[in-house]
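Geometric and topological summary
If you want the building blocks of each chain, they are given just below.
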Amino acid sequence: MNWGIPATITRYLPPLIGGVAIVLAWEFLPRIFNIPTLLLPPPTLVFKSVWLLYDRGLLLGNFAITLAEALGGFAIGSVCGVFFAFLVTRSLLIERMLLPYLIGLQALPKVALAPLIVVWIGIGIESKVAIAAVISFFPVLINAIVGFSTVEAEKIDLMRSLVASGWQQFSIVIFPNSLPFIFAGLNVAIVLSITGALVGEFIGADRGLGNLLLQLNYNMDISGMFAVLLVLALLGVVLYALVRFLHTRLVFWAKPDNLRVGND
Amino acid sequence: MTSRLTLIDISGVGKQFRSRSGAMLHALADASLTVEANQFICIVGPSGCGKSTLLRMLAGLEPVSSGQITIDGVPVSGARRDIGLVFQSPVMLPWRTILKNILVPAEVLKMDKTASRKRAHELLELVGLEGFGDRYPDELSGGMRQRAAIARALMHDPNILLMDEPFGALDALTREAMNLELLRIWQGSRKTVILVTHSIEEALLLSDRVAVFSPRPGFVRDVIDVPIARPRSAATRTDPVFIRLADRLRGYFETESTATTGHQEGVAS
């Protein structure tokens, strides 16, 4: 239903109006309530800080480093998660040997491992990749285990009736069938991987957005911190969009409802 | 007819399950049936009479509890590649196109790529799906998906086709059309077919012989010949022989439903 309004407008106008309203409220409400701009800098100041940081060459380089740490950790953690899920679901012995401990580890807040990892690997990029990997690993593992175990019995019967090998069953049916589950894990993992990289940078690093954030904090440059937060949000959106893109490409057949938006 | 070779010999086959509560469930009591090569046999029986279980045991997907099944004189001890299976639902892999779904057996059996592609296209034509090979299963109707499932079951050119209520999930009109389609397909390939169904009309229209199963625990109550000439068509349903046999078959289930009310519901076999 539309009344001659182009679809692009009905689609993008409401979020645009919402965004403008939020920015305006952020700009003017603190003034009305006399909140010092030092504590809550208005958007105009924050955008100025973004420009200043960019101008000093602090933004792009640190953005790239944190992006690389998060993405690298995400990739390693996800591949390991899928691989361990494969092992655990293929062999009952391995499942019984490992699963209780994997689940036990899952209950541990992974960021608690971060200081240890920094001590072990050092304050370079590698330790952040490792922390991001550890933190990405579990959601992918758990979802992949569920995915590998949730196959319609008839699909397996079909493969068994053809005397398919275990690997054929896995590669032709079980793995593709588990992709919607794996992507549910990846969607969580990609966001967590940024947390992991950032926590690592907080603990010990000489670069990255987390390091920049701490430095600005020491200098009480609140507006600069807001600028970094903005860039971090952007980083999150970029990475999430990347996974989302792969999701719609690879799991087109599962059709989650939110992929059908605008398909009338 | 009796002079032909026995391909499948089911003798005294029984099946027991342990249900979740721990009680033993007697699905199949003592089923005996012989099937000759190139014959079309239908198994009819009430829900839960163990007819689908028998099919699974024929396919080697489940062991027998007692008795023996032999195919070509060899006892069935596991799945074997000369059998094509069609389930009640199409069991398509939704991430593969129809063509690639039909090619699954070729992939598993590592058949020659170009030859199997050619055959897959021929099968698409045989089941009336030419031009739909590049579509995904969810773009097709239930009837079309089931045609694709039949094509897939024929892919590796098995001797035996086992069909478990293949049209049970379709609406009545599609089902009648699919029955005639199956007749046409079968006429072209002359596989040995065992088809499980609830429908007396379907059984009579399709088969050379109909095996009637008793309620659970199932056994073969009767096997009737269907001496109606082929090729058959929609008009076959008005054939006097057809009507007489349908009445006779219905008689089995009428007496049962009065005798076993409340016993018919339950675990689908």
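Located above this text is the structure these notes cover.
Residues and elements named next belong to chain B. Among the secondary structure elements, Leu162 is positioned in strand S7 (residues 160–164). Given 26 C-beta atoms within a 10 Å radius, Leu162 is considered buried. The contact partners of Leu162, leaving out residues within four places of it in the chain, are Leu55, Leu58, Ala59, Ile83, Leu85 and Ile194.

It is worth spelling out unusual backbone geometry at this point. Along the chain, Arg230 of chain B connects to Pro231 of chain B via a cis peptide bond; the corresponding omega equals -5 degrees. Relative to the assigned elements, Pro231 of chain B resides in the loop between strand S10 (220–225) and helix H8 (240–259). Its identity is not glycine, yet Met220 of chain A carries a phi of approximately 55 degrees, on the positive side. Relative to the elements of secondary structure, Met220 of chain A occurs in the loop between helix H9 (209–218) and helix H10 (222–250). For Met220 of chain A, a count of 10 C-beta atoms within 10 Å gives the class exposed.

Every contact between the two is made by 19 residues of chain B and, on the other side, 15 residues of chain A. When residues of the side of chain B that touches chain A are traced back to their parent elements, those giving at least two are strand S6 (83–86) and helix H3 (104–108) of chain B. At four residues, H3 of chain B tops the list of elements feeding residues into the side of chain B that touches chain A.

Residues and elements named next belong to chain B. A sheet is described by the order of its strands in space; here four strands give the open sequence S2-S1-S4-S5, paired in antiparallel fashion. Each of the sheet's edge strands pairs with one partner strand only, and the pair in question is strand S2 (24–36) and strand S5 (74–75). Note: strand S4 (residues 66–71) against S5, two bridges, orientation antiparallel. Across the sheet, the residue bridging to Ile71 is Val74, located in S5.

Moving on, we get to the nonpolar core. Of all hydrophobic cores here, the largest spans 136 residues; its most connected members are Ala151 and Leu162 of chain B. When residues in this core are grouped by element, the largest group, 16 residues, is from helix H8 (residues 166–203) of chain A. Not counting the four nearest positions on each side in its chain, Ala151 of chain B is found in contact with Ile102, Leu123, Leu124, Leu126, Val127 and Leu129 of chain B.

All right, on to the pairing of S2 of chain B then. Residues and elements named next belong to chain B. Taken together, the nine bridges between strand S1 (residues 6–18) and S2 define a ladder with antiparallel strand orientation. Within S2, the residue paired with Phe17 across the bridge is Leu25. Remark: five residues form the turn of the hairpin made by S1 and S2, two consecutive strands paired antiparallel; Gly22 in that turn has positive phi of roughly 100 degrees.

Rules of the game
Residues numbered from 1 in each chain as written. Chains lettered and ligands numbered in written order. Predicted model: local features only at pLDDT ≥ 70, side-chain atom pairs only at ≥ 80, totals over all residues. Helix = DSSP H or I, 4+ residues; strand = E, 2+ residues; numbered from the N terminus. Buried ≥ 20, exposed ≤ 12 C-beta atoms within 10 Å, placed from the backbone. Contact = placed C-beta atoms within 7 Å. Pairing = 2+ DSSP bridges. Core = buried A, V, L, I, M, F, W, Y, C linked by C-beta atoms within 7 Å.

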